[in-house]
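# Analysis of the macromolecular model
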Amino acid sequence: MKKIVCLCLLTGVLILTADHVFAELDIPKGKLNITTGVGLREEYNDNIFLTRTNREDDFITTISPSISFKYSIRPIDFSLDYGLNFTFFSQHSDLNDTSIGETQTLQFQNQIRPFNRVFIDISDVYKRVPIDANRKAAFDNIVVDMTDSNVFSISPHVEYPLSKTLSTRFGYRFTNTWYKSEEANDSDSHSAFLSLEKRFSRKFSTSLNYDYMAQRPEISEGYDRHQGSVSATYRINPQFSVNGQVGEAYFIYSNTDDIKTSFWNLGTDYTFKITKATTLGVSYGTSFHDSVTSGVYKSRRLDLHLTTGKELKVALNNYYTVDEYLETDRKDKISGISIDLNKS
């Protein structure tokens, strides 16, 4: 406990004294920005092991120092982020994670613009993730065995205006996912996407979206997914906006029954007139993910969040999630409250 208190005090000092931009260097034909930051997160989780009975709750403290490098030279934007996530449990100290080798995250992002309106996005993310080997644990729950992972993605795409109020975006994406653990499910995926956006006014816009993905894992059964949706955004005034999306996803398997499921998302944000640095919002969303070992799951999440502060940002989030696995008879539920304190 003393160790946690000392680290929290140290983190508080770093947050209050951290510079937004550590260094900005003018390089011939380009510019390099070096940014340092540190985050402090406090979370209450009512079921850290996600068990059906005998639930155990706890307060979880996460301290996240980071450094970011950004370099721009036409037609390339390059960024490299390195961070650590030290985790401390108030009542389950044996679960504390303070090893640099097991808490580090490295993220590389690069965008190339070889021609007008043509983009090539390249990213590579290395981090530790939980292994989900038939255990009652959500994908983002850290109270499970961990393994190294690396996700590489490349996506050439085009953004082209058809008229003053109508534009389209289409492209291709390749993703390779690797895990160090032998029980984890490495995979390759190929995706094609297309969207058509219509702006009726400055306040209201809609879009039609289609996404096709061919998922080819090494262990579990592969599938093809067709996903279509309609989305809309309405900005009532500069302080208040509402957005929504509704659609269907169709999973086609070679050896098992196909799966058809619908989804919808809804969110709103309100910025207070008294202080433009304070935003109150609520959102409900549905998304599909591939777990490390248990196939596809449908995640539904409800968030009530409050963000305030300019240089020192404080974010309070009350959330509730339900993860329903499509290939197995399994459903995980979790609720909690998190507080994030960040200055970069």
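Quick caveat, the model's predicted, so the values are computed rather than measured. (Residues numbered from 1 in each chain as written. Predicted model: local features only at pLDDT ≥ 70, side-chain atom pairs only at ≥ 80, totals over all residues. Heavy atoms only, no water.)

The next thing to look at is the overall build of the protein chain. A tally of helices and strands in the protein chain yields 2 helices and 18 strands. Burial statistics for the protein chain: of 344 residues in total, 36% are counted as buried. The contacts in the protein chain between residues at least 6 apart in sequence include a share of 49% that link residues at least 24 apart. (Helix = DSSP H or I, 4+ residues; strand = E, 2+ residues; numbered from the N terminus. Buried < 20%, exposed > 50% of the residue type's maximum accessible area, 1.4 Å probe, protein only. Contact = heavy atoms within 4.5 Å.)

For the rest of this paragraph, the subject is the nonpolar core. Among the nonpolar cores identified, the biggest contains 10 residues, and these are Met213, Tyr223, Ala249, Phe251, Tyr253, Ile259, Phe263, Phe288, Val296 and Leu326. Listing elements by their share of this core, those giving two or more residues are β13 (240–253) and β14 (259–271). Residue contributions to this core peak at 3 residues, all from β13. Setting aside anything within four residues of it in sequence, one finds Ile259 in contact with Ala249, Tyr250, Phe251, Tyr253 and Leu326. Core analysis: the next-biggest nonpolar cluster, separate from the first, contains 5 residues, Ile63, Leu84, Phe86 and Phe88 among them. (Core = buried A, V, L, I, M, F, W, Y, C linked by side-chain atoms within 4.5 Å.)

Where strand β6 (residues 104–115) lies against strand β7 (residues 118–130), 8 bridges are found, and the strand directions are antiparallel. Note that in β7 the partner of Gln109 across the bridge is Ser123. (Pairing = 2+ DSSP bridges.)

Of all residues in the protein chain, 86% attain a pLDDT of 70 or more, and the chain-wide mean is 85. Here residues 1–19 is a poorly scored stretch, pLDDT under 50, and it has 24 contacts once near neighbours within four places are set aside; other chains count. Here residues 133–140 scores under 50 on pLDDT; set against residues more than four positions off or in separate chains, the count is 27 contacts. (pLDDT = per-residue confidence, 0-100.)

Another aspect to go through is the packing of aromatic side chains. Counted by the stated rule, this structure contains 12 aromatic pairs. With a centroid separation of 5.9 Å and an interplanar angle of 75°, the aromatic rings of Phe240 and Tyr270 are classed as edge-to-face. Note that Phe240 is positioned in strand β13 and Tyr270 in strand β14, a separation of 30 residues in sequence. Looking at Tyr270, the relative accessible area reads 31%, which means it is partly exposed. One aromatic cluster is present, formed by Tyr223, Phe251, Tyr253, Phe263 and Phe288 through successive ring pairs. Sitting over the face of the ring of Phe200, Lys198 holds its NZ or CZ atom 5.8 Å from the ring centroid. (Phe/Tyr/Trp six-rings, centres within 6.5 Å; stacked < 30°, edge-to-face > 60°. Lys NZ or Arg CZ within 6 Å of the ring centre and 35° of its normal.)

What follows is about the side chain of Asp340. With respect to the helices and strands, the residue Asp340 is situated in strand β18 (residues 330–343). The contacts of Asp340, once residues within four sequence positions are left out, are Leu40, Arg41, Lys313, Val314 and Ala315.

With that settled, the discussion passes to the side chain of Ser241. Looking at the element boundaries, Ser241 is found in strand β13. For Ser241, a relative accessible area of 12% puts it in the buried group.

The next point concerns the environment of Thr328. With respect to the secondary-structure elements, Thr328 resides in the loop between β17 (313–325) and β18. Here the alpha-carbon distance between Thr328 and Tyr297, two residues 31 residues apart in the chain, equals 9.1 Å.

A few words now on the pattern of salt bridges. Under the definition given, this model contains 11 salt bridges. As a salt-bridge pair, Arg169 and Glu159 come within 3.4 Å of each other at their nearest N and O atoms. Pair noted here: Arg169 is in strand β9 (residues 166–179) and Glu159 is in strand β8 (residues 146–161), with a separation of 10 residues, a long-range link. Close ionic contact of Glu248 with Lys260 constitutes a salt bridge, the shortest N to O distance being 3.6 Å. (Salt bridge = Lys/Arg side-chain N within 4 Å of Asp/Glu carboxyl O.)

A word on unusual backbone geometry. Residue Pro75 is reached from Arg74 by a cis peptide bond, and omega for that bond is 5°. By secondary structure assignment, the location of Pro75 is in the loop between β3 (58–73) and β4 (76–84). Phi at Asn54 takes a positive value of approximately 50°, unusual for a residue other than glycine. Mapped onto the fold, Asn54 is located in the loop between β2 (30–45) and β3. Look at Arg117: it is not a glycine, yet its phi comes out positive at around 70°. Summarising the element assignment, Arg117 is placed in the loop between β6 and β7.

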